[in-house]
Amino acid sequence: MRPALRLLMPLCAALALCQPDGAAHAADYSGPIFDAHLHYNEEAWNGRGGPHPPSDVLARMKRSGVKAILSNSRPNDGTHTLAQLPQTRAAGVTVVPFIRLYRNRADYDSWFREESIYRMVQDELARGTASGPYRGLGEFHLYDSANARGPVAQKLMALAEQQSLVVLAHVDDEAIDLLMAGTPSKGREARLIWAHTGINGASIERVEALLAKYPRLMGELSYRPGLTCDGGKLCAEWRALIGKYPDRFLVGSDTWVNQRWQYYEATMTGYRVWLGDLPADVARQIAWGNAARLFGLAD
């Protein structure tokens, strides 16, 4: 290192204006966020009482700069509530409604073979919501990937593609292939959001292979193992993959239990930290633009 540069280094560090390579220190991302994986389940608020009534969750979204949500709830009443409230619009939040396949907790383990689930989906599609028609199906879980071959799972994947619905699936990488095989296009046209980009942290090589194989597959990054490293920044391999596929990733909160609501703002702050380490245009795509484009919102 040249002597003049060595003398300037302490000042640069103190002012957070430069690094040893001369690059500017990235500021946290400050733009809008699309929460592409949100639940408003009955234990949060059941329409009569609960720790997180609409005023609470909408205030958390507003403080976090969340301007749109992919809402899916057990049962679907929670999504209907957020979609119809004037307070939602007053908070500047757009609700993109999804049909969750669970009426109760028992449905987690059997939905893929239950004809009553298929009928419930048909009824909800006909009903719609105050914010417009449903835009997708899910989130659903498959704890055994072989259950992706279940008769109702296959019927719903075909229905989703035929009606241009997006699927939100909490599954492993093997189930992605099995679910895609159940669509008319064998996955070429299927629009599927992979919750957490895998249950057990599929290898980054496997994630990349699936993104290449299925051109409309998208990865939602909440609680993804191995995503961030020191200082909450992206790990190098994930930074490289996002740079290669900047139009294929989303962020979400996954508020499946009440504790997640308590840390909602912290979750979004964490996203802003690592998004700020990306090029500005890529950061906005991940935080907002990819989901906005998927659902026809203004970018």
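Position labels on residues start from 1 in each chain and follow its written sequence. In keeping with the predicted nature of the model, local features appear solely for residues at pLDDT of at least 70, side-chain atom pairs appear and are counted solely at 80 or more, and the whole-chain, interface and lining totals rest on all residues. Hydrogens and waters are ignored; side-chain quantities use all the structure's heavy atoms.

Caption draft 1: Region of interest: the overall build of the protein chain. Elements are defined by DSSP. Helices are runs of H or I of four residues or more, strands are runs of E of two residues or more, and each kind is numbered from the N terminus. A count of helices and strands for the protein chain gives 12 helices and eight strands. A globule of 299 residues ought to have a C-alpha radius of gyration of about 19 Å, and the protein chain, at 20 Å, matches this closely. With the principal axes as the frame, the protein chain shows a C-alpha extent of 75 × 40 × 30 Å. We call two residues in contact when some of their heavy atoms are within 4.5 Å. Across the protein chain, every contact between residues at least 6 apart in sequence was considered, and the portion connecting residues at least 24 apart equals 76%. Only the protein chains shown count as cover for residues, and the accessible areas themselves come from Shrake-Rupley with a 1.4 Å probe. A total of about 13100 Å² of accessible surface is found on the protein chain, and carbon and sulfur atoms cover 53% of it. Atoms counted for the radius of gyration: C-alpha only. Globule rule: 2.2 Å times the number of residues to the power 0.38.

Caption draft 2: Local environment of the state of the cysteines. Pairs of cysteine sulfur atoms within 2.5 Å are what we label disulfides. According to the stated counting rule, one finds one disulfide in the structure shown. Note that Cys229 is cross-linked by a disulfide to Cys235, the S-S spacing being 2.0 Å. Across the S-S bond of Cys229 and Cys235 the torsion is about 105°, and the bridge reads as right-handed. Cys229 sits in the partly exposed class, given a relative accessible area of 44%. Relative accessibility decides the category of a residue: with a 1.4 Å probe and only protein chains considered, values under 20% of the type maximum give buried, values over 50% give exposed, and everything between is partly exposed.

Caption draft 3: Examining the packing of helix H7 (residues 173-181) against helix H8 (residues 204-213) more closely. Every axis corresponds to a line fitted to the C-alpha atoms, with the helix fit spanning only the stretch in contact, and the corresponding angles, defined between N-to-C directions, vary from 0 to 180 degrees. For the pair H7 and H8, the least separation of the axes is 11 Å and the interaxial angle reads 15°. The angle between H7 and H8 places the two elements in the roughly parallel class. For the element pair H7 and H8, the recorded crossing hand is left-handed. Of H8, the residues touching H7 (which contributes Asp173, Glu174, Ile176 and Asp177) are Arg206, Leu210 and Lys213. Only Asp, Glu, Lys and Arg are considered charged, only Ala, Val, Leu, Ile, Met, Phe, Trp, Tyr, Cys and Pro nonpolar, and every remaining residue, Gly among them, polar. Partitioning the contact of H7 with H8 into residue classes produces two nonpolar, no polar and five charged. Oblique is the label for any angle not covered by the other classes, which are roughly parallel (under 35 degrees), roughly antiparallel (over 145) and roughly perpendicular (65 to 115). Left-handed is the label given to a crossing in which the near helix is rotated counterclockwise from the far helix by less than a right angle, and right-handed is the label when the rotation is clockwise.

Caption draft 4: Expanded view of unusual backbone geometry. Of note, the amide linkage connecting Arg74 to Pro75 takes the cis form, showing an omega dihedral of -10°. With respect to the helices, strands and loops of the structure, Pro75 is situated in the loop between strand E2 (66-71) and helix H3 (77-84). Of note in this structure, Ser164 is not a glycine but carries a positive phi near 55°. Looking at where Ser164 falls in the secondary structure, it is placed in the loop between helix H6 (151-162) and strand E5 (166-170). In the Ramachandran plot, Thr197 falls in the positive-phi region, its phi being about 50° despite a non-glycine side chain. Looking at the secondary structure, you find Thr197 in the loop between strand E6 (192-194) and H8.

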